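Listed below, chain by chain, are the residues.
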Amino acid sequence: MTLMKTIRENAQKLSKCIVLPEGTEERTLKAADYILKEKLARIILLGNKTEIERKSQEWSLQFTTNARIIDPLNNPDKEKYAELLYEIRKSKGLTYEEALVLTEDPLYLATLLIKAGEADGEVAGAMNSTGNVLRPAFQIVKTMPGISVVSGAFLMILKDNPYVPENILVFADCAVHPDPTASELAEIAISTARTAQSIAGLEPRVAMLSFSTKGSAKHALCDKVIEATRIAKEKAPWLQIDGELQADAAIVESVGIHKAPGSLIAGKANVLVFPSLETGNIAYKLVQRLAGAEAIGPVLQGMAAPINDLSRGCSVSDIVNLVAITATQSAGM
Ligand SMILES: CC(C)(COP(=O)(O)OP(=O)(O)OC[C@H]1O[C@@H](n2cnc3c(N)ncnc32)[C@H](O)[C@@H]1OP(=O)(O)O)[C@@H](O)C(=O)NCCC(=O)NCCS
Ligand SMILES: CC(=O)OP(=O)(O)O
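- Looking at an unreviewed UniProt entry, one finds the protein named Phosphate acetyltransferase and attributed to Lentimicrobium saccharophilum.
- Entered under Pathway (unreviewed entry) in the UniProt record, the comment concerning the protein runs "Metabolic intermediate biosynthesis; acetyl-CoA biosynthesis; acetyl-CoA from acetate: step 2/2."

## Here's the deal with the site of ligand 1
- Neighbouring ligand 1 are 17 residues, the closest being Arg89, Lys92, Arg135, Val150 and Ala175.
- Side-chain polar atom of lysine 92 to an oxygen atom of ligand 1: 2.9 Å apart, as the coordinates give it.
- A total of 940 Å² of accessible area belongs to ligand 1 in isolation, and the protein chains cover 61% of it.
- Contributions of two or more residues to the shell around ligand 1 are made by α7 (130-141) and α12 (277-290).
- Per-element tally for the shell around ligand 1: the top contributor is α7, with five residues.
- Residues belonging to the shell around ligand 1 are distributed by class as follows: eight nonpolar, six polar and three charged.

## Focus on the site of ligand 2
- Close to ligand 2 lie Phe154, Asn281, Tyr284, Lys285, Pro298, Ser311 and Arg312.
- Side-chain polar atom of asparagine 281 to an oxygen atom of ligand 2: 3.0 Å apart, as the coordinates give it.
- Between serine 311 and ligand 2, the recorded distance is 2.8 Å, taken from a side-chain N or O atom to an oxygen atom.
- Starting from 260 Å² of accessible surface for ligand 2 in isolation, the protein chains cover 87%.
- Considering each element in turn, the shell around ligand 2 owes the most residues, three residues, to α12.
- Residue composition of the shell around ligand 2, grouped by class: three nonpolar, two polar and two charged.

## A word on the environment of threonine 143
- Here threonine 143 is to be found in the loop between α7 and β5 (151-157).
- With relative accessibility at 30%, the residue threonine 143 sits in the partly exposed group.
- In this structure, threonine 143 is in contact with Ser148, Val150, Gly302, Met303 and Ala304, ignoring residues within four places of it in sequence.
- Within the local environment of threonine 143, its side chain forms a polar contact with the backbone oxygen of isoleucine 147, the two atoms lying 2.9 Å apart.

## Quick notes on the UniProt feature "domain: Phosphate acetyl/butaryl transferase" (unreviewed entry) in the protein
- The UniProt record marks residues 3-327 with the feature "domain: Phosphate acetyl/butaryl transferase" (unreviewed entry), using the residue numbering of this structure.
- Between the C-alpha atoms that bound residues 3-327 the distance is 15 Å, and the span itself is 45% helix and 16% strand.

## Regarding the packing of helix α2 (residues 26-38) against helix α13 (residues 316-331)
- Two elements in contact, α2 and α13, have axes whose closest approach is 8 Å; the angle formed by their N-to-C orientations is 55 degrees. Between α2 and α13, the angle falls in the class oblique. The way α2 lies across α13 gives a crossing that is right-handed. Touching Arg27, Thr28, Lys30, Ala31, Tyr34 and Ile35 of α2 are Val316, Ile319, Val320 and Val323, all from α13.
- Of the residues assigned to the contact of α2 with α13, the class counts are seven nonpolar, one polar and two charged.

## Brief notes about the packing of helix α4 (residues 78-89) against helix α6 (residues 106-115)
- The N-to-C vectors of α4 and α6 enclose an angle of 85 degrees; their axes lie 10 Å apart at closest approach. By the angle between their axes, α4 is roughly perpendicular relative to α6. Counting all contacts with α4, which are made through Tyr81, Leu84, Leu85 and Ile88, the residues of α6 involved are Tyr108, Leu109, Leu112, Leu113 and Lys115.
- Its residues assigned to classes, the contact of α4 with α6 shows eight nonpolar, no polar and one charged.

Parameters and conventions
- Residues numbered from 1 in each chain as written.
- Chains lettered and ligands numbered in written order.
- Predicted model: local features only at pLDDT ≥ 70, side-chain atom pairs only at ≥ 80, totals over all residues.
- Heavy atoms only, no water.
- UniProt positions renumbered as here; feature names shortened; annotations may be inferred.
- Near = heavy atom within 4 Å.
- Polar contact = N/O pair within 3.5 Å; in protein donor to acceptor, adjacent residues only side chain to side chain.
- Areas by Shrake-Rupley, 256 points an atom, 1.4 Å probe, with all protein chains shown as cover.
- Helix = DSSP H or I, 4+ residues; strand = E, 2+ residues; numbered from the N terminus.
- Nonpolar A, V, L, I, M, F, W, Y, C, P; charged D, E, K, R; others polar.
- Buried < 20%, exposed > 50% of the residue type's maximum accessible area, 1.4 Å probe, protein only.
- Contact = heavy atoms within 4.5 Å.
- Axes fitted to C-alpha atoms, helices over the stretch in contact; angles between N-to-C directions.
- Parallel < 35°, antiparallel > 145°, perpendicular 65-115°, else oblique.
- Left-handed = near helix turned anticlockwise from the far one by under 90°.

Encoded structure:
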C-alpha cells in the first residue's frame, strides 16, 4: 500500500475536524467535496454560504452540504472569538476593537476555531501566501512545549530512483524560517526526523547539507552546519545524523564513501536538512518539477496544533493529502 493510501485510511478512522479558511476557492471546495465523500475528515468551510452553495452547484459537488459553513463577515459568534483573541494578544498591545476586526479574516478565525476546541487542525494557502497563513497561527496557536522554531517539511515521493530506495525523502526547512541559527537548525533537524518517523514511517537518517563535505570547504556557512550537527547530536543522542555533507555525498553511496569515509549517513540519508530556507525551498521545487517527485507538504512541524500551509500551485489532490496528514498529526498531539 502506498504511503498516502495508509495516511488517508488512518484519517478516515480518526474522523477529525479540519477547517479550510479558503472555503470559496475552487480547488479547496473540490477537495472538501472529495474529503467529505470519502469521510477522510469532518470539514468546516469559511466563506459566504450563498457563494459556496452556488459554486458547489456549478461544479456538481454533492457533499459540501455536509460541511459546517461559517461566514467570517456574518458570524453570530464574532464577539466570542474576539474575546478569545483579545485575551491571547492583549499583552502584545491588541485592543478588543482590533480583535473584532481580525475575526473577520478567515485565516485568523480558523486558528481561533482551533484554539476554542471546535476544530482539530487547519489547511490553507491555496490562495494566501505562507506568511499570511503562518502569522495568525504563530500568534494564536504558538509552538509546542520545548520547541522555539516552526519549520516546514516536504515528503518527496520519488519512485524507481536509484538514490531513493525507500521511495521517499523528507526535505526541510522548505517553508518557514529564512535564516536559522545553528541552534535553530539543530531543532529543525530533530523536528524533521520526528516527522519522517511519525508521518512517513521512516527510520530517519539525517544529512545536514552544505556546499562542503567534512571540511572540504572552509566558510562560516559550513561552520554553522557543523555546529548545528553537534548541537543536534547533543540534544538528541538517539538521532542518526551527520554533517556537513554535500547533497551527492548524502544520497549517492559511491560518492559518500569517497567524500565521507566512515560516515554512517553518507550515501544513505533519507532526511535532508537544508542550511537555509532559500536552499530548501528552491531544492524542493526543482526536484518536484525536474525529477517529477510528488511533493507532499509543507507539513508544518513544531506548532502546538496541526496547521498546514499549501503551495499556491497546489492541486485538489495535494489539498486532500494535506488534510489527511493534518488529521493524522492531530491524533499524535
Ligand atoms: C513566518 C513569517 C511570516 C514570520 O514573520 P513575521 O510575521 O515577520 O514574524 P515576527 O517576527 O513579526 O513574529 C510574529 C510572531 O511569530 C513568531 N514566529 C516567527 N517566526 C517563527 C517561527 N519560525 N517559529 C515559531 N514562531 C515564530 C514570533 O515569535 C512572533 O510571536 P509573538 O508575536 O507572539 O511574539 C516569516 O518568517 C516569513 O514570511 N517566512 C517565509 C515564509 C515563506 O514565504 N516561505 C516560502 C514559501 S512556503
Ligand atoms: C511552499 C511554497 O513554496 O509555497 P508557495 O509556492 O505558495 O510560495
